[in-house]
Amino acid sequence: MKKPLEPVFSTRISNMNYKLIDHTADFGIEVYGTRLKELFENAAGAMYDVITDTNRLNALSEININISGEDWPDLMVNWLRELLYLWTGKGLLVKIADIVSISEYTLSANVKYEPYVPARHLIKSELKAVTYHQIEVEGKNSEWKARIIFDV
C-alpha cells in the first residue's frame with residue numbers, strides 16, 4: 001500500500017508555492033500564483049520538482065512552446081502534458097518555464113532545459129500522465145489556484 005504523502009511546500013523558484021496532495025492510486029499538486037502567468041509557471045516548476053532535483057539542472061537549451069485549450073483547466077492539462085512529453089518522450093528535464101504571453105486559453109512560453117544524464121540527474125518520481133480527473137484552475141485578482149492529478 002502506498003504511504004500517504006505529507007504536504008511539502010517549496011519556494012525554490014521565486015514565489016513558487018505548491019503542495020503535494022494525496023490521492024487514491026495517483027497523486028496531485030495544488031499550485032498557487034498571484035497572477036495567471038505565475039500559476040502556469042509554478043505548475044510547470046512544481047511538476048518538474050516532483051520529477052527531479054531541479055537544483056541540479058542547468059538551462060542549457062531553450063525552445064518556444066505554444067499551447068491552446070478549450071478553457072483554463074484544459075489549457076493547464078495541455079501545458080503540463082507538453083512539458084511532461086519533453087521528459088518522457090525526449091529525455092529532456094525542464095529547468096525554467098517562462099510564460100511569454102497568456103490570454104484567453106492560449107499561452108506561449110520559453111522553456112529552458114537540459115538533456116537527462118543518468119550519472120548527473122536524480123529522478124525522484126516517474127509521472128505517466130497529467131489527467132483531467134478533478135482538474136481545477138480558478139482565481140481572480142491576485143489569488144489563483146490549480147489542482148492537478150497525475151497518473152503514476
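So, here is what we can say about the structure in this document. Predicted model, so just to flag it, every value in this text is computed and none were measured. (Residues numbered from 1 in each chain as written. Predicted model: local features only at pLDDT ≥ 70, side-chain atom pairs only at ≥ 80, totals over all residues. Heavy atoms only, no water.)

1. Structural notes on the nonpolar core
Counting residues in hydrophobic clusters, the biggest one holds 45 residues, and the most contacted among them are M47, M76, W79, L80, L83 and I148. Of all elements in the fold, only β1 (17–23), β2 (26–33), α1 (36–51), β3 (61–68), α2 (72–88), β4 (92–103), β5 (106–115) and β8 (143–151) reach the threshold of two or more residues within this core. With residues near it in sequence (within four places) discarded, I148 still touches F27, G28, I29, V31, A43, M76, L80, V130 and I135. (Core = buried A, V, L, I, M, F, W, Y, C linked by side-chain atoms within 4.5 Å. Buried < 20%, exposed > 50% of the residue type's maximum accessible area, 1.4 Å probe, protein only. Helix = DSSP H or I, 4+ residues; strand = E, 2+ residues; numbered from the N terminus. Contact = heavy atoms within 4.5 Å.)

2. Details of the sheet that holds β5
Within the open sheet, the 3 strands sit side by side as β3-β5-β4. Their pairing is antiparallel. Edge positions in the sheet fall to β3 and β4, since each of these pairs with one other strand and no more. Strand-to-strand, the axes of this sheet are offset by a mean angle of 25°, without reference to chain direction. In this sheet, β5 lies alongside β4 in antiparallel orientation, the contact comprising 10 bridges. Across the sheet, L92 pairs through a bridge with P115, a residue of β5. Across the face of the sheet, α1 comes into contact with β4 and β5 while running at roughly 170° to β4. (Pairing = 2+ DSSP bridges. Axes fitted to C-alpha atoms, helices over the stretch in contact; angles between N-to-C directions.)

3. Quick notes on the pattern of salt bridges
Under the criterion given, the structure shown has 6 salt bridges. Among the salt bridges present, the one from R147 reaches E30, with a minimum N-O distance of 3.5 Å. Residue R147 is located in strand β8, and its partner E30 is located in strand β2; the two are separated by 117 residues in the primary sequence. For R147, a relative accessible area of 18% gives the class buried. Judged by its relative accessible area of 10%, E30 falls in the buried class. Here the residues in one salt-bridge network are K37, E41 and D98, joined through shared partners. (Salt bridge = Lys/Arg side-chain N within 4 Å of Asp/Glu carboxyl O.)

4. Side note on the packing of aromatic side chains
This model, assessed by the stated rule, comprises 4 aromatic pairs. Both rings, one in F27 and one in F150, keep their centres 5.9 Å apart while their planes meet at 35°; by these two values the pair is tilted. Residue F27 is located in strand β2, and its partner F150 is located in strand β8; the two are separated by 123 residues in the primary sequence. Residue F27 is classed as buried on the basis of its relative accessible area of 7%. Here F150 falls in the buried class, since its relative accessible area comes to 1%. Plain terms: the ring middles of W87 and Y116 are 5.1 Å apart, the flat faces sit at 80° to each other, and that makes the pair edge-to-face. (Phe/Tyr/Trp six-rings, centres within 6.5 Å; stacked < 30°, edge-to-face > 60°.)

5. Structural notes on the pairing of β8
Sheet topology note: the β2/β8 ladder contains 7 bridges and is antiparallel. Bridge pairing in β8 links G33 to W144. For strand β6 (residues 129–130) and β8, the ladder comprises 2 bridges, and the chain directions are antiparallel. Along β8, the bridge assignment pairs A129 with D151. Pairing between strand β7 (residues 136–140) and β8: 5 bridges, direction antiparallel. Following the sheet pairing, G139 is matched in β8 by W144. Linking β7 back to β8 in an antiparallel pair, the connection comprises 2 residues, with N141 at a positive phi of about 50°.

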